[in-house]
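These are the residues of each chain, in order.
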Amino acid sequence: MKVKARANSNIAIVKYWGKRDEKLRLPTNSSVSITLDKLWTETEVEFDKNFDKDVIEYIDGKFRKKEILRIIEHLERIRNLAKINTKARVVTRNNFEKAAGMASSASGFAALSLAGSRAAGLNLSDKELSILARQGSGSACRSISGGIVVWHKGEDNQSSYAEQIKFNDQWGLRILLVKIKDSKEKKISSTEGMKKALLSPYFKLAIDEAEKNVKRTVKALRENDWKVFGEVVEAECFRLHMLTMTSKPPIIYWKPGTLEVFSQVFEMRKKRVEGFVTVDAGSHVHVICREKDVEKITMKLNKIRDVERVLVSGIGKGARVI
Ligand code: DP6
């Protein structure tokens, strides 16, 4: 059977940066993310008895050997669940460049989990899909349900999954994806970076803080408290990068353009144009703001020499078959 699915990417508000079980990808802390409507991966999976091996194709680009092996491992998880041993053909494409801090593994493994499980004859619930996607890439478990999502760190494989938070958007929440020039593919993947973070002397403290920030975020969303929400967004960005910078050896994902964006966003805030910055494992900045400020912030950031472009995203939907 052949099934095609689309999943949107997500940007973490409370960051996942550390595993307590590498194989199962169980995180050291819970996290929260916003699904992005502008970035997605589309993946088609076909299982056929006539295939003698798994074939993985990436339209408009190339997968590294390591990435292909990771996809095949995920097919293996799906085959185990469906109790089949048929080989598959996977064809995938992103509408954005992968591995530059724009979280392609999140949308990638979410789309693969949905398309793959359906093509294997399974009809998994969102929770089951989230558990499956998590094992491919942690952040992928947050790209199943759409909207704003919390990933409960859980106790074991079955209790570590993500689900949508109830949120009545009175802000017109927007995410500005600010692409910094010359940002080649990130050199240190999230998987590698996280391993090194465990050696940071601040790790334990950072984990406790993340759990508090999950609670603060959920409360701020429920109460539509923009100020607290914004504070947590930035605190979490700097918590993650404090961990990367104090890893052994240190990792610095930022570029000069990243800092220039921070400084402009902070300046605008003094004039009540309120955006809040966050950065994943790369140099690009996501500015979280309200609809009323999109134009002013975009115009200002587009003038920065090191900014290639600003893409305006809203809140995206969950993974779906197309
Ligand atoms: C910085 O989900 O890519 O984007 O589980 O090893 O595949 P693996 O890591 P991944 O890590 C994402 C890290 C982050 C923060 C986040 O999305 O929470």
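Residues numbered from 1 in each chain as written. Predicted model: local features only at pLDDT ≥ 70, side-chain atom pairs only at ≥ 80, totals over all residues. Heavy atoms only, no water.

Chemist: How should helix α3 (residues 126–136) be read in this particular structure?
Modeler: Because the α-helix completes a turn every 3.6 residues, residues three or four places apart line up on one side. Across the 11 residues of α3, eight count as buried, placing the element largely inside the fold. Taken residue by residue, α3 has Leu129, Ser130, Ile131, Leu132, Ala133, Arg134, Gln135 and Gly136 as its buried positions. In this structure, the buried residues of α3 make contact with β3 (26–27), α1 (65–82), α2 (104–119), β7 (148–151) and β8 (162–164). (Buried < 20%, exposed > 50% of the residue type's maximum accessible area, 1.4 Å probe, protein only. Helix = DSSP H or I, 4+ residues; strand = E, 2+ residues; numbered from the N terminus. Contact = heavy atoms within 4.5 Å.)

Chemist: Honestly, the site of the ligand in this entry has me stumped. Any pointers?
Modeler: Not every one of the 18 residues close to the ligand is listed here, only the nearest: Tyr16, Arg70, Ser139, Arg142 and Thr191. With respect to the ligand, the side chain of arginine 142 contributes an N or O atom lying 2.7 Å from an oxygen atom. Threonine 191 has a polar side-chain atom sitting 2.7 Å from an oxygen atom of the ligand. In the complex, 96% of the free accessible area of the ligand, which totals 460 Å², lies under the protein chains. (Near = heavy atom within 4 Å. Polar contact = N/O pair within 3.5 Å; in protein donor to acceptor, adjacent residues only side chain to side chain. Areas by Shrake-Rupley, 256 points an atom, 1.4 Å probe, with all protein chains shown as cover.)

Chemist: Explain the sheet that holds strand β11 (residues 285–290) here, please?
Modeler: Sheet strands pair via backbone hydrogen bonds, and the direction of the pair is either parallel or antiparallel. Read from one edge to the other, the open sheet built from four strands follows the order β10-β11-β9-β12, with strand pairing classed as antiparallel. Of all the strands in the sheet, just β10 (276–278) and β12 (307–313) have a single pairing partner and so form its edges. Ignoring which end each strand starts from, the neighbouring axes of this sheet average 25° apart. The sheet contact formed by β10 and β11 spans three bridges and is antiparallel. When the bridges of β11 are listed, phenylalanine 276 appears paired with isoleucine 288. Strand contacts of helix α6 (residues 226–245): β9 (173–180), β10 and β11, with the helix running at about 30° to β10, the strand carrying the most contacts. Against the sheet, helix α8 (residues 294–302) makes contact with β9, β11 and β12, and its axis sits at roughly 165° relative to β12, the strand it touches most. (Pairing = 2+ DSSP bridges. Axes fitted to C-alpha atoms, helices over the stretch in contact; angles between N-to-C directions.)

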